[in-house]
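# Descriptive structure summary
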Amino acid sequence: MWEIGLPLRFAVNLPEHPTDSELAEECKKGNLRAYERLYELHSARMKSLAFHLVGNRADAEDTVQETFLKVYRAVGGFAGGSSLSTWIYRILINCCYDSLRKQQRLAERPAPRELRSDTKLPLKLALERALAMLNERQRLVFLMFEVEGLKHSEIAAILEVPEGTSRSWLFEAKRELKRMLTESGT
Amino acid sequence: MKFECGDLERALAVSELMPEAREHLKQCANCRREYRLWNEISATGRQLHEGWDSPDLWPNIRKLLEAEPKPKSDSAWWSEWTIWAVAAAVLIGIGLLLLPRLQQAIQTPEERIAHTGGKTDRDFLTEQALEDVQRTEAAYRRSIDKLSQLAEPKLADRGSALAANYKEKLLLLDSAISDTRSNLDHNRFNVRLQTELADLYREKQQTLQELLTRDQKN
């Protein structure tokens, strides 16, 4: 059968609830509807996770945009060893670190984190500040599990570590946060 | 085992210890406070999710994706590589097929007489050269058959006028190849017929190659 390279604006419709592998296949064909579905499914979490990693909404949005571009360019090589969503979060995290490096090059120090508008609750504010002081792996696992509600199996696949390691990093993160919050008298 | 205040942290990591920890929490206000803070960290963590509207984000992403070339899969790369490999083999085949004729063209008349055992007719090949030609022709035919196999799915598209045109051209070429081969069976040493056959194969190879690479260029 002829393989016709349709322009993206003629994107083909998807099944109502496409599976992860169906989405991956459609993404490989360049079906823009598949990318839109991915956006609908994951953009809220992606933006929030990026916000906590890069520190402001504008950079978080740029990072999500960059992630979709990278996914589009690299999806041909996606072998399906992990789920498509897992792969996307891995790309997102790498894009966040790239963005942070760019920020640091520009400012020669980390950009000040944008404070949330609703930080009236002391514990929330204290937790945000304590989170910023955690080491990278503990912070990532805490953000993905407690803040964004990902499962340990998903986090383990994203970070390419055993599930037990993800659990153990979360425990360390919470223990460290508890210590910092207790010391700060919250 | 008697549960002590210092065991609370271990109980939080190992869920099997939680029943004993709960018994201890009933009596220890300090541990209750620690345990409450532990749970509050999780509960407050959920409130840290940052949500905001980004009405322009998806339209921007869409525009960027539309400007990108179509994603290239590894299998497409492999298919392209295969086509080029087969095409290279076909070209080598053509070279080998034409080599005896070239050698004959550069021979002096004396050499030609010596090789043909006295026959000076330029249109006739020696037995040895004919064997070479037949061997290379067979290899060349196999290479073209491989190209034909690769092209089969594209030619099977009944709805495509382009596929129908290619199919018709290939049928004509196959028919001409078959006629020429049949003539050669009666006149095995005829150089002109051998050259015609080589030209027909080359035409078929180019047609197949054009068909296979057409949608990659588009």
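Each value, and the rule that gives it
- Residues numbered from 1 in each chain as written.
- Chains lettered and ligands numbered in written order.
- Predicted model: local features only at pLDDT ≥ 70, side-chain atom pairs only at ≥ 80, totals over all residues.
- Heavy atoms only, no water.
- Contact = heavy atoms within 4.5 Å.
- Buried area = accessible area lost by both parts, 1.4 Å probe.
- Salt bridge = Lys/Arg side-chain N within 4 Å of Asp/Glu carboxyl O.
- Polar contact = N/O pair within 3.5 Å; in protein donor to acceptor, adjacent residues only side chain to side chain.
- Helix = DSSP H or I, 4+ residues; strand = E, 2+ residues; numbered from the N terminus.
- Nonpolar A, V, L, I, M, F, W, Y, C, P; charged D, E, K, R; others polar.
- 1 Å grid on protein atoms, 1.4 Å probe; cavity = no way out; pocket = protein on both sides within 12 Å on 5 of 7 lines; lining within 4 Å.
- Points joined across faces, edges and corners; volume = space filled by probe spheres on them.
- Core = buried A, V, L, I, M, F, W, Y, C linked by side-chain atoms within 4.5 Å.
- Buried < 20%, exposed > 50% of the residue type's maximum accessible area, 1.4 Å probe, protein only.
- Phe/Tyr/Trp six-rings, centres within 6.5 Å; stacked < 30°, edge-to-face > 60°.
- Lys NZ or Arg CZ within 6 Å of the ring centre and 35° of its normal.

With that out of the way, let us pick up the interface of chain B and chain A. Where the parts come together, the accessible area they lose is often given as the size of the interface. Contact residues are listed per partner, giving 43 residues for chain B and 51 residues for chain A. Interface of chain B and chain A: buried area, both sides summed, is about 4,600 Å²; carbon and sulfur atoms make up 64% of it. With its nearest N and O atoms 3.6 Å apart, the salt bridge here joins Arg 175 of chain A to Glu 9 of chain B. Linking chain B with chain A are 13 residue pairs in polar contact (both at pLDDT 80 or more), by the criterion used here. At the level of secondary structure, the elements contributing two or more residues to the side of chain B that touches chain A comprise helix 1 (8–13), helix 3 (29–47), helix 4 (57–67), helix 7 (127–155), helix 8 (161–186) and helix 9 (191–217) of chain B. Its residues assigned to classes, the side of chain B that touches chain A shows 18 nonpolar, 10 polar and 15 charged.

Let us now look at the layout of surface pockets. Considered as a void within the structure, the second largest pocket measures approximately 420 Å³ in volume. Taken together, 17 residues line the second largest pocket, and the ones lying closest to its centre are Leu 170 and Lys 174 of chain A together with Leu 12, Ala 13 and Trp 38 of chain B. Among the elements of the structure, helix 6 (136–147) and helix 8 (163–183) of chain A together with helix 1 and helix 3 of chain B are those that each provide at least two residues to the lining of the second largest pocket. Each residue belonging to the lining of the second largest pocket can be placed in one class, and the counts come to 10 nonpolar, four polar and three charged.

Examined against the element boundaries, Glu 9 of chain B turns out to sit in helix 1. Linking Glu 9 of chain B and Trp 38 of chain B, residues 29 residues apart in sequence, is a C-alpha distance of 9.8 Å. Once residues lying within four places of it in the same chain are set aside, the contact partners of Glu 9 of chain B are Phe 171, Arg 175 and Lys 178 of chain A.

Turning to the nonpolar core, a few remarks are in order. Counting residues in each nonpolar core, the largest one holds 64 residues, and the members touching the most others are Tyr 35, Leu 84 and Phe 142 of chain A. If sequence neighbours within four positions are ignored, Tyr 35 of chain A has contacts with Cys 27, Gly 30, Phe 68, Val 71, Tyr 72 and Val 75 of chain A together with Trp 58, Leu 65 and Pro 71 of chain B. Val 90, Val 133, Ile 144 and Ala 151 of chain B belong to the second largest nonpolar core, which has 24 residues in total.

Turning our eyes to something else, we now look at the side chain of Ser 99 of chain A. All names here are of chain A. When you line up the elements, Ser 99 lands in helix 4 (residues 84–107). Ser 99 sits in the buried class, given a relative accessible area of 14%. For Ser 99, the residues in contact, after removing those within four places along its chain, are Val 54, Asp 59 and Thr 63.

Time to look at the pattern of salt bridges. Under the definition given, this model contains 23 salt bridges over all chains. Taking the shortest distance from any N to any O, the salt bridge between Asp 174 of chain B and Lys 204 of chain B comes out at 2.8 Å. One end of the pair, Asp 174 of chain B, is in helix 8; the other, Lys 204 of chain B, is in helix 9, with 30 residues separating them in the sequence. One continuous salt-bridge network, built from bridges that share partners, spans Arg 33, Glu 36, Arg 37 and Glu 40 of chain A.

Attention now goes to the packing of aromatic side chains. Aromatic rings considered in pairs are described by the distance between their centres and by the relative angle of their planes. The final tally for this structure, using the stated rule, is eight aromatic pairs over all chains. The interplanar angle of 70° and the centroid separation of 5.4 Å between the aromatic rings of Tyr 140 of chain B and Tyr 201 of chain B together place this pair among those described as edge-to-face. In this pair, Tyr 140 of chain B is assigned in helix 7 and Tyr 201 of chain B in helix 9, connecting sequence segments 61 residues apart. Here Tyr 140 of chain B and Tyr 201 of chain B have matching classes, each one buried. Among the aromatic residues, those joined into a ring-pair cluster are Tyr 39 and Phe 68 of chain A together with Trp 58 of chain B. The side chain of Lys 47 of chain A reaches across the aromatic face of Trp 52 of chain B, ending 4.9 Å from its centre.

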